[in-house]
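An overview of the molecular structure
Take a look at the letters that make up each chain.
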Amino acid sequence: MRSVRISAEVPGRVSTITVDEGDTVTKDSLLAVIETERLGYQLDQSDAMLAELQHQTAASQSRREAARVQRENIARRYDRFKILLTQQAATQQAVDDLKAQLDAADAELAAAEAALAAMRSKRAQIEAGSDVIRKQQRDAGVVAPLSGTVLQRYTEVGEFLGM
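Residues numbered from 1 in each chain as written. Predicted model: local features only at pLDDT ≥ 70, side-chain atom pairs only at ≥ 80, totals over all residues. Heavy atoms only, no water.

Comments concerning the environment of Q137
With respect to the element layout, Q137 can be found in helix α2 (residues 92-139). For Q137, a relative accessible area of 27% puts it in the partly exposed group. Residues Q137 and E72, 65 residues apart in the sequence, show an inter-C-alpha distance of 51 Å. In this structure Q137 touches T36, L39, G40 and L43, once residues within four positions along its chain are discounted. (Helix = DSSP H or I, 4+ residues; strand = E, 2+ residues; numbered from the N terminus. Buried < 20%, exposed > 50% of the residue type's maximum accessible area, 1.4 Å probe, protein only. Contact = heavy atoms within 4.5 Å.)

A few points about the packing of helix α1 (residues 37-86) against α2
Where α1 meets α2, the closest approach of the two axes is 8 Å, and the angle between their N-to-C directions is 165°. In terms of orientation, α1 and α2 fall into the roughly antiparallel class. With respect to the hand of their crossing, α1 and α2 are arranged in left-handed fashion. Grouping the constituent residues of the contact of α1 with α2 by class yields 22 nonpolar, 13 polar and 13 charged. (Axes fitted to C-alpha atoms, helices over the stretch in contact; angles between N-to-C directions. Parallel < 35°, antiparallel > 145°, perpendicular 65-115°, else oblique. Left-handed = near helix turned anticlockwise from the far one by under 90°. Nonpolar A, V, L, I, M, F, W, Y, C, P; charged D, E, K, R; others polar.)

Thoughts on the pairing of strand β1 (residues 12-17)
Bridging between β1 and strand β6 (residues 160-161) involves two bridges; their strand directions are antiparallel. Residue pairing across strands places R13 opposite F160, the latter belonging to β6. Here three bridges tie β1 to strand β3 (residues 30-34), and the two strands are oriented antiparallel to one another. Opposite I17, over in β3, you have A32 as the bridge partner. (Pairing = 2+ DSSP bridges.)

Points about the sheet that holds strand β4 (residues 141-143)
Each strand in a sheet pairs with another by means of backbone hydrogen bonds, the pair being arranged parallel or else antiparallel. Strand order in the open sheet made by the four strands is β4-β3-β1-β6, with antiparallel pairing throughout. Both edges of this open sheet fall to β4 and β6, since each of them pairs with a single strand only. Note that β3 and β4 share three bridges and pair antiparallel. Paired with L30 across the strands is V143, a residue of β4.

As for the pattern of salt bridges
What the rule picks out here adds up to 12 salt bridges. Linking D79 and K82 is a salt bridge whose minimum nitrogen-to-oxygen distance equals 4.0 Å. With a gap of three residues between them, D79 and K82 both fall in helix α1, about one helical turn apart. Here D79 falls in the partly exposed class, since its relative accessible area comes to 40%. Here K82 falls in the partly exposed class, since its relative accessible area comes to 35%. A single salt-bridge network, built from bridges that share partners, covers D20, R153 and E156. (Salt bridge = Lys/Arg side-chain N within 4 Å of Asp/Glu carboxyl O.)

Section: unusual backbone geometry
The phi dihedral of D28 is positive, around 70°, even though this residue is not glycine. D28 sits in the exposed class, given a relative accessible area of 52%. Although it is not a glycine, Q88 sits at a positive phi angle of roughly 60°. Residue classification places Q88 among the exposed positions, given a relative accessible area of 75%.

Comments concerning the layout of surface pockets
Looking at the largest pocket, its volume works out to about 760 Å³. The wall of the largest pocket is formed by 29 residues, among which V4, R5, I6, L31 and Q152 lie closest to the centre. Of all the secondary-structure elements, those providing two or more residues to the lining of the largest pocket are β3 and β5 (148-149). Considering each element in turn, the lining of the largest pocket owes the most residues, three residues, to β3. (1 Å grid on protein atoms, 1.4 Å probe; cavity = no way out; pocket = protein on both sides within 12 Å on 5 of 7 lines; lining within 4 Å. Points joined across faces, edges and corners; volume = space filled by probe spheres on them.)

Shown next, in the form of structure tokens:
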């Protein structure tokens with residue numbers, strides 16, 4: 001005769017027990033359930049963070065588009081003034097100023113792209129955390145690893161099981 005002691009994979013309060021001593025169980029049958037209310041709240045928090053991140057991403061995309069339009073405008077002006085400089089219709093200072101503005105616009109565009117990349121990374125981080133929480137919710141069900149008879153039950157509804 002083989003004896004197996006089964007424990008919960010996640011800590012928490014036992015909300016349901018479906019078997020008693022002497023009951024026959026089959027492999028993968030549900031034996032007990034650990035309360036997952038807190039995990040639900042954590043998922044709600046992750047969802048709220050994702051919603052906030054979506055708004056921040058939309059705002060950053062708008063800033064990136066504005067920076068792109070600004071950069072294109074400055075680039076056109078810079079090209080025109082370089083031509084005017086060769087015709088002595090503009091000063092070197094005006095061309096230098098536009099070049100500095102163009103460099104600043106390039107930096108602003110790069111910063112907007114970096115912010116969006118950071119937001120994509122943050123989204124992946126939040127989604128990975130949500131995946132962990134969902135896994136914990138699935139693991140809150142204690143299942144029989146094999147078919148057999150329940151010889152002894154070590155817990156009762158309402159008890160807290162630690163790790």
